[in-house]
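Per-entry structural report
If you want the building blocks of each chain, they are given just below.
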Amino acid sequence: VQLVESGGGLVQAGRSLRLSCAASGIIFSKNSMGWYRQAPGKERELVAAIMSDGDTYYTASVKGRFTISRDNTKNTLHLQMNNLKPEDTAIYFCAAGTAIPFPFWGQGTQVTVSS
């Protein structure tokens, strides 16, 4: 199984970024997918998840700003992040599995939001 994130970077507060995760080695459409993040000195947290049936979950701090989506034809997961805040600065990880806790993880992509 391979999950490869892309799209991270350095942006100013209020701007947007779109993260992508390319998956291989799994039956993508049958897996739930998630985005986690880990900020320095903090525990890893689930930011958003999308189930195989399309249901979504967002942590409270990103509701209304982030949108998770999946393209089952391209085995790709996305996270559209709008109105970014400095507190969104973290390493963002893609994860996959048929249940939480997700067993498969990517290497992460850094998102840095400057004030």
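Below or above, wherever it landed, is the structure these notes cover.

Definitions and cut-offs
- Residues numbered from 1 in each chain as written.
- Predicted model: local features only at pLDDT ≥ 70, side-chain atom pairs only at ≥ 80, totals over all residues.
- Heavy atoms only, no water.
- Buried < 20%, exposed > 50% of the residue type's maximum accessible area, 1.4 Å probe, protein only.
- Helix = DSSP H or I, 4+ residues; strand = E, 2+ residues; numbered from the N terminus.
- Pairing = 2+ DSSP bridges.
- Salt bridge = Lys/Arg side-chain N within 4 Å of Asp/Glu carboxyl O.
- Axes fitted to C-alpha atoms, helices over the stretch in contact; angles between N-to-C directions.
- Polar contact = N/O pair within 3.5 Å; in protein donor to acceptor, adjacent residues only side chain to side chain.
- Contact = heavy atoms within 4.5 Å.

Burial along strand 11 (residues 109-114) is one-sided: the residues Thr 109, Val 111 and Val 113 are buried and none of Gln 110, Thr 112 and Ser 114 is. When strand 2 (residues 9-12) meets strand 11, the two strands line up parallel, connected through four bridges. Within strand 11, the residue paired with Leu 10 across the bridge is Thr 112. Across three bridges, strand 9 (residues 90-97) lies against strand 11 in antiparallel orientation. Looking at the pairing, Ile 91 lines up with Gln 110 of strand 11.

Applying the stated criterion across every chain yields a total of three salt bridges. With a closest N to O distance of 2.6 Å, Glu 45 and Arg 37 form a salt bridge. Here Asp 88 makes a salt bridge to Arg 65, at a shortest N to O gap of 2.8 Å. Of the two residues, Asp 88 is situated in the loop between strand 8 (76-81) and strand 9 and Arg 65 in the loop between strand 6 (56-58) and strand 7 (66-71); the sequence distance between them amounts to 23 residues.

If you trace the four strands from one edge of the open sheet to the other, you get 1-3-8-7, paired in antiparallel fashion. Lying at the two open borders of the sheet, with one neighbouring strand each, are strand 1 (2-6) and strand 7. Within this sheet the neighbouring strands show an average axis-to-axis angle of 15°, counted without direction. Here strand 3 (residues 17-24) runs beside strand 8; their pairing, made up of six bridges, is antiparallel. Across the sheet, residue Cys 21 finds its bridge partner in strand 8, namely Leu 77.

All right, on to the side chain of Ser 20 then. Mapped onto the fold, Ser 20 is located in strand 3. Looking at Ser 20, its side chain comes within polar contact range of the side chain of His 78, at 2.9 Å. Not counting chain neighbours up to four residues away, the residues in contact with Ser 20 comprise Val 4, Glu 5, Ser 6, Trp 35, Thr 76, Leu 77 and His 78.

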